[in-house]
Amino acid sequence: MRFFPYTAESGGGAGKADRRRAIKKLRTLVLSPKLEPEAIKERVEQEFSSPYLPARVDCREKSFGGITCDVLSPEVMASNRLIIYIHGGGFVAGSRASWRSFCASFAAEASTQLILPEYRLSPQFPYPAALEDLQMVFGKIHERILTAGQEMPHIILAADGSGASLLLALVQNLKEELRQTIRSAILLSPWLDLNPDSEFLADKRLTDGILSAEAITSCARLYTSEENLKNPLISPLYIAKNNLENFPSIYIQCGGDEPTVEGIRYFHKKLEESGIPCTLDIWPGMMFMFQMAHEHLPQAHLAVQRVGSYIQNYNKTEETE
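Keep in mind it's a predicted model, so treat the numbers as computed, not measured. (Residues numbered from 1 in each chain as written. Predicted model: local features only at pLDDT ≥ 70, side-chain atom pairs only at ≥ 80, totals over all residues. Heavy atoms only, no water.)

Draft legend 1. Here's a closer look at the packing of aromatic side chains. Tallying each qualifying case throughout the model produces 12 aromatic pairs. Aromatic side chains Tyr 85 and Phe 106 sit 5.5 Å apart centroid to centroid with 70 degrees between the ring planes, which places their arrangement in the edge-to-face category. With Tyr 85 in strand β4 (residues 81-86) and Phe 106 in helix α3 (residues 96-110), this residue pair connects regions lying 21 residues apart in the sequence. Phe 106 matches Tyr 85 in its accessibility class, with the two residues each being buried. Their ring planes at 5 degrees and their centres at 3.9 Å tell us that Phe 91 and Tyr 223 sit as a pair that is stacked. On the criterion of sequence distance, the pair formed by Phe 91 in the loop between β4 and α3 and Tyr 223 in helix α7 (residues 213-223) is long-range, its members being 132 residues apart. (Phe/Tyr/Trp six-rings, centres within 6.5 Å; stacked < 30°, edge-to-face > 60°. Helix = DSSP H or I, 4+ residues; strand = E, 2+ residues; numbered from the N terminus. Buried < 20%, exposed > 50% of the residue type's maximum accessible area, 1.4 Å probe, protein only.)

Draft legend 2. Representation of the pattern of salt bridges in the model. Applying the stated rule across the entire model yields 18 salt bridges. The closest approach of N and O atoms between Arg 56 and Glu 75, which form a salt bridge, is 4.0 Å. Of this pair, Arg 56 sits in the loop between α2 (37-48) and β2 (58-64) while Glu 75 sits in the loop between β3 (67-73) and β4, and the two are 19 residues apart along the sequence. Here Arg 56 and Glu 75 have matching classes, each one exposed. Its salt-bridge partner being Arg 96, residue Asp 70 comes within 2.7 Å of it at the nearest N-O pair. Here Asp 70 is found in strand β3, whereas its partner Arg 96 is found in helix α3, with 26 residues between them in sequence. A single salt-bridge network, built from bridges that share partners, covers Glu 61, Asp 70, Arg 96, Arg 100 and Glu 118. (Salt bridge = Lys/Arg side-chain N within 4 Å of Asp/Glu carboxyl O.)

Draft legend 3. Quick peek at the layout of surface pockets. Empty space within the largest pocket amounts to approximately 420 Å³. In terms of lining, the largest pocket is formed by 20 residues, of which the most central are Leu 82, Gln 113, Ile 115, Ile 145 and Gln 150. Only β2, β3, β4, β5 (113-117) and α4 (129-147) provide two or more residues apiece to the lining of the largest pocket. The biggest single contributor to the lining of the largest pocket is β2, with four residues. Considered as a void within the structure, the second largest pocket measures approximately 320 Å³ in volume. For the lining of the second largest pocket, the elements supplying multiple residues, two or more each, are α2, α3 and α9 (298-320). (1 Å grid on protein atoms, 1.4 Å probe; cavity = no way out; pocket = protein on both sides within 12 Å on 5 of 7 lines; lining within 4 Å. Points joined across faces, edges and corners; volume = space filled by probe spheres on them.)

None of this, on its own, says anything about what the molecule does.
Here you go:
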């Protein structure tokens, strides 16, 4: 196991006022039982959409199998790797517009072109609509590369929150020849267990001021039926060890205050026991998706930098093997 603790020496912490502002912003990402899904969608778009992209990243629109995607290209990018990013939003919110700025920063730090799909959302399009969209995008990307006679790049899947559940469902569902093209998977503050009876969601009082067991299970019930919540394609924590064979290496980054952190530790141990290389990067004192509050938390930018370095260094390691 590789574990990277956050330390004061690595950049310092945020003040109480900045932390409160970060929590207020990030709370927008999580379903509130007081609001309808459409209202949540609107709040996310208002809070996170921006007409400006950082680091001079170019954004172009492309369709893969009828699914519209952003293609984000940093000024400096490797030609032999590609990121496909699956945004979070609790299955009910989020879009290319609201994740575009964050993904542009992510792509720039990784020096890697990034594709951000606009998949269908619940409750209008419940499970398996989003998964079907992502399978279509992945398959069409693969097909276009082969048709063009290009060398297959190292594909990196990345996701946050509920998007991590979708990412791991995608990996499970892909045919073996497609799965083998994935070199690594990046999970930020992943939702791995949506089962309301789980021991990891048993304490309903646990919260980091943003995320709670109630919020996760509320989103889950809008995404799929109650009896489906232990399905490994919904809750990856329940993937059988024999089904983890040939999984890509995994990097997990989360905040130490997240109510899901014990489930994340459990999943990390399960991966290690199955022989899957896995890096666990826990940032003490940080909350759910702190990476998206860079204007308030110095740790946010440092965390994304660390993921970018991991992607670049992992790629270099493979090239020398």
